[in-house]
Every structure is written in structure tokens, then in C-alpha cells.
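# A look at the structure
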Amino acid sequence: SRLGRLPGRQDWSSWPHYEAAAAGFRGYWYPVAYSSHIGGKPKQITLLGEKIVLVRDGGRGGSVYALKDRCPHRGVPLSEGNQQFPGTISCPYHGWTFDLATGDLKAAITDGPASPICGKVTQPTYEVAERLGMVWVFVGDGEDAPPIDEQLPEELVSNAAVVGSRIQPRIGNWRFACENGYDEGHAKYLHRTSLWRMFKAMPVWNETRIVQRGRWIYRVQDKQYWDADFPGLGTWSNQAWYKLKPPKKVTNIGNTGGHREVNPVIAAQEFPGFASVSMPGVLRIAYPTFIHYEFYVPVDADNHLYVGVMAEFRKGRKVLPFYAKYLGFVRWLFHGEFSAQDKWMVEVTDAPPEKLYRPDDSLLKWRKLAEDTTEQRVGRLAGQGIQPIAAKE
Ligand code: FES
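Before going into details, it helps to say that this report is about the structure given with it. Here the residue index of a chain counts from 1 through its sequence in written order. Given that the model is predicted, a residue must reach a pLDDT of at least 70 before its local features are reported, and side-chain atom pairs must reach 80 or more before they are shown or counted; all residues, however, enter totals for whole chains, interfaces and linings. To obtain the side-chain values, all non-hydrogen atoms of the structure were used and water was disregarded.

Let's shift gears to the overall build of the chain. A run of H or I in DSSP counts as a helix once it spans at least four residues, and a run of E counts as a strand once it spans at least two, with each numbered from the N terminus. A count of helices and strands for the chain gives 10 helices and 18 strands. Look at the contacts in the chain between residues 6 or more apart in sequence, and 62% of them connect residues 24 or more apart. Counting every atom, the chain has about 18,400 Å² of accessible surface; 54% of that belongs to carbon and sulfur. Residue contacts are defined here by distance: any two heavy atoms, one from each residue, within 4.5 Å place the two residues in contact. Areas reported here follow the Shrake-Rupley algorithm with a probe of radius 1.4 Å; residue values treat only the protein chains shown as occluding.

What follows is about the nonpolar core. The nonpolar core is taken to be a set of buried Ala, Val, Leu, Ile, Met, Phe, Trp, Tyr and Cys residues, with the residues joined through side-chain atoms within 4.5 Å. Here the term buried applies to any residue with accessible area under 20% of the maximum for its type, exposed to any over 50%, and partly exposed to those in between, with areas from a 1.4 Å probe on protein chains only. One finds F25, L47, L54 and W366 to be the most contacted residues of the largest nonpolar core, which totals 79 residues. Boundaries between domains were set according to an automatic or database domain assignment. No fewer than three residues from each of domain 1 (28-139) and domain 2 (149-373) sit in this core. Formed by 14 residues, the second largest nonpolar core is a distinct cluster that contains V53, C71, L78 and F98.

Bringing a nonpolar patch on the surface into the picture now. Exposure above 30% relative accessible area and the lack of any salt bridge qualify a residue for a patch; like charges then connect within 9 Å, and the nonpolar side chains Val, Leu, Ile, Met, Phe, Trp and Tyr within 5 Å. Salt bridges are identified by distance alone: a Lys or Arg side-chain nitrogen within 4 Å of an Asp or Glu carboxyl oxygen. Taken together, the side chains of L320, Y323 and L327 make up a nonpolar region of the molecular surface, amounting to roughly 310 Å² of accessible area. Positionally, L320 belongs in helix 9 (residues 319-348). Relative accessible area serves as the criterion here: at 55%, L320 is assigned to the exposed category.

Now for empty space enclosed by the protein. Where empty space is left can be seen by rolling a probe of water-molecule size over the atoms. Note on definitions: the grid is 1 Å and covers protein atoms alone; a cavity is a set of points where a 1.4 Å probe fits but cannot get out; a pocket is an open set with protein on both sides within 12 Å along at least five of seven lines; lining residues have an atom within 4 Å of a point. Grid points are joined across faces, edges and corners, and a volume is the space filled by probe spheres set on the points. If you walk through the whole model with that rule in mind, you get five cavities of 30 Å³ or more. Estimated volume of the second largest cavity: approximately 60 Å³. Lining the second largest cavity are R170, A177, N180, E294, Y296, H304, Y306, D342, K343 and V346. Sorting the residues of the lining of the second largest cavity by element identifies helix 5 (174-182), strand 17 (291-300), strand 18 (303-312) and helix 9 as the ones contributing at least two each. At three residues, the largest contribution of residues to the lining of the second largest cavity is made by helix 9.

All right, on to the environment of D99 then. Looking at the secondary structure, you find D99 in strand 6 (residues 96-99). A relative accessible area of 16% places D99 in the buried class. It is 6.0 Å that separates the C-alpha atoms of D99 and G87, two residues lying 12 residues apart in sequence. Look past the residues within four positions of D99 in its chain and what remains in contact with it is L67, G87, T88, D104 and K106. Under this definition, polar contacts are N or O atom pairs within 3.5 Å; protein pairs additionally need one hydrogen-donor-capable and one acceptor-capable atom, and for neighbouring residues in sequence, both atoms have to be side-chain atoms. Of note is the side chain of D99, whose polar atom sits 2.9 Å from the backbone nitrogen of A101.

For a regular strand, side chains alternate in direction, first toward one face of the sheet and then toward the other. A large share of strand 9 (residues 134-139) lies buried, amounting to six of its six residues. The alternating pattern of strand 9 places M134, W136 and F138 and V135, V137 and V139 on opposite faces, both of which are buried. Across six bridges, the pairing between strand 1 (residues 28-34) and strand 9 is antiparallel. Within the sheet, the bridge partner assigned to Y30 lies in strand 9 and is V137. Following strand 8 (residues 125-131), the chain reverses through two residues before pairing antiparallel with strand 9; L132 in that reversal takes a positive phi of roughly 55°. Here, any two strands with at least 2 DSSP bridges between them count as paired.

A cis amide bond links A351 to the next residue, P352, at an omega of -15°. Turning to its location among the elements, P352 is positioned in the loop between helix 9 and helix 10 (361-383). With omega at 0°, the peptide bond leading from P352 into P353 counts as cis. With respect to the helices and strands, P353 occurs in the loop between helix 9 and helix 10. Positive phi is not limited to glycine here, since E270 has a value of about 50°. Looking at where E270 falls in the secondary structure, it is placed in the loop between helix 8 (264-269) and strand 15 (275-278).

This part covers helix 5. By the criterion of burial, helix 5 is predominantly enclosed, with nine of the nine residues buried. Restricting attention to buried positions, one finds in helix 5 the residues W174, R175, F176, A177, C178, E179, N180, G181 and Y182.

Taking strand neighbours across the sheet as the criterion, the three strands line up as 5-6-7 in an open arrangement whose pairing is antiparallel. The outermost strands of the open sheet, each flanked by one partner alone, are strand 5 (88-90) and strand 7 (105-108). Strand-to-strand twist in this sheet, taken as the mean axis angle between neighbours without regard to direction, amounts to 20°. In the sheet, strand 6 pairs with strand 7 via three bridges, with the strands oriented antiparallel. Bridge pairing links T97 to A107 in strand 7. Angular values range over 0 to 180 degrees, each being the angle between N-to-C directions of two axes fitted as lines to C-alpha atoms, with helices fitted over their stretch in contact.

What follows covers the side chain of E184. By the secondary structure assignment, E184 is in helix 6 (residues 184-188). A relative accessible area of 2% places E184 in the buried class. Not counting chain neighbours up to four residues away, the residues in contact with E184 comprise N206, T208, R219, R358, P359 and S362.

Quick look at the packing of aromatic side chains now. Here the aromatic set is Phe, Tyr and Trp, taking the six-membered ring for Trp, and pairing holds for ring centres within 6.5 Å; pairs whose planes are under 30 degrees apart are stacked, those over 60 apart are edge-to-face, and all others are tilted. A complete count under the given rule lists 13 aromatic pairs for this structure. For the pair Y18 and W174, a centre-to-centre distance of 6.5 Å together with 70° between the ring planes defines the contact as edge-to-face. You can see Y18 sitting in helix 2 (residues 16-20) and its partner W174 sitting in helix 5, a full 156 residues away along the chain. An identical accessibility class is assigned to Y18 and W174; each is buried. Ring centres of Y218 and F271 lie 6.3 Å apart, and the angle between their planes is 35°; this geometry places the pair in the tilted category. With Y218 in strand 12 (residues 216-225) and F271 in the loop between helix 8 and strand 15, this residue pair connects regions lying 53 residues apart in the sequence.

See below:
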């Protein structure tokens, strides 16, 4: 039986990399802010426990740069400073001025043009990219950052899409957020009261198996149980309240009942399942006409950013109804009320220890993916003579 395959462990010792990654996995790009929120005024963010200053060189239209947000002189945050000269950032205290691209100390304004400290100090920098209207930062261990497009969901890179997104700082460990997103059981119980669920049906109970394709693992529905009787509790149905009838057709990508049309871009992907997850904590929920993504961005061990992205693959004037739908409806019901139920559970989860049951197979497979992927990365880094930085709390 499926139950027999579950280790039912009380701790996380089967996944040492996963257990150690309380403050996130290094070696990935993370979305940290809306592009429009980063200008010429430096801004501090925390990512994987590291304080980072972001600034857009010259303000509007310039490129965004990221440096460690601690002046090496006396430890003042560079984000308290400003841009005195193009291509640089100056510390507000004594005017040490760093090159944005290289981190080199270009000038110590208060020590004259020939200050001997110049050229002897380099501030650590981070690679930055802008995609989907957001600023992304790579946190690694000194290795070259892989191209961000190799890490983004491939369908977003190669197709025109219109996106609506929400970035929310949330309390709780990023792993609980990721596990919650991919958690099979919660979709059917926790969310049973959400307004979104009235419009987008979810099965009460089903049997799934998990398959890996590329860097994603998918929950694939083997059987669906559209109604369930719980003695003493009555009958639950997965159907939207306004159409209590059997689904016309069950597609392999939807729990959504009888959808006739599938967006051609989504159809072309041939996703094996409705829900999938990939490193470093990205959830993909493929509906027939749009895809919803969640990026769980580790701020530190106790906080994360919830980045919800809804994408429809359409262009030209056809994007207008998307905005109407997103702003008038999806943003509030799905990225709002529905997602707030997840937020609540992530805040109050306290694991390990834990005792798992059949639907937690999805959690175990995700942890295994994270473990194996990290093991491979550690091996790759060793080949380059790089010792990974120990996880921070
Ligand atoms: Fe930054 Fe002195 S603390 S210049």
C-alpha cells in the first residue's frame, strides 16, 4: 500500500541538506522586489539571511545593482547612503564610494583624491536580473550564476505572457510555505471554505502518483473521487457551488471539470499533472487557460516572501480582459483570500517532529528532489574547488 512506502519519520534526518537549508538554498535566482519599486534611492532587502542593498544606477532607465549592505569601514548600511557619482554608491558616514558593478572602493571622499585605501577594498556584489516586472538576485557561493532563463519556468521564457503578481512579506519558514503549496491534503481541507474554490473546483479526494520531468516533479492524478461521504459529516463535493453536476471531461491538467478549451501554449507543454514544484521552491499550478506560480523566497529562517504570479499566454489587445479579471477578481480571491489561508498555516506550522500520512507523499518527494539536487550542486562546486557556505540561521 502507499502507506507502507512512507517512512513516517519523526524528524528530517533523511534530508540533511534540506534540514540545513532553514535560510534557503544557495545557488539560485530569487525574485525580491517589483522593478518599479527600485530606483536611484538605495533600498535594503534581506535574502537568505544576507543584508543586500539594491540601487538603480542613475534612477529611471538604469540597471539595478546589488551589493552587500554593510560598509566595510565601520559597518554602516550602504542603503542609508546615496549615489554621489554615476555608477557608484557612497556610504553616508565618511563617504567611502564603491563601484556598483565591481564593488571596488573608488574613492574615500574624506581622505583626498589619493587616498591609499582606494584599490585595497572590494565590497561583495551580487548578480541581478529583471524578469516578469521584478528584480531577481542570485545568491551563490562564489560560482558563476547560471543564466536566469535556465531557472525560470521554461514556458514563461519562450512565450509571450501577460502576468499579474503579488509580492508579500510573510512570517514563517520558506520550507513550510513551499510544502504547503504542494501539499495534497490541504487543498481539499484547508481551502474548502475559500471563495476561490467556489469558482475553481478541487477534488475532495483523489489518488496521485508523482513523476519527475526535467527539474520539476508533478502530482499526477490516477483516480479522482468527485464526491465523498464522511459518516456523521455529510457529503462533500468538489464541484463549484453553481454547477453541481458531473464534469464533462477531465483533462490531465485540470481539476477544473469540463473545460473545453485549453490555451495552446499550455496544451503544448503537456504537463503531466495539475500541480508541480521545482527548486529552489517554485510551485506551478496549470489551469487550462492560465498558470499560477508561487515563488517562496527565503528572507531568513523565520520569514519569507510570498511571490504569486498569474500568467496568461496572450498578447496584443487580448491582454485587456486579463487585467480586468486579475485586478477585479483573481487578485482578491486567489492571491488574496485563498492565499491568506496558506499564510495562516505557514505561520503556525511547527515541524519537525511530524507524523505523516498518505497524501504527504508529495512532501517527501519534494524534499527528496531538494536533497538530490543539492547533493549534485555540492559535487559540482567541489569540482571547481568551491566549498559551499554553511547555511545561516
Ligand atoms: Fe562607511 Fe565610514 S562607515 S565610510
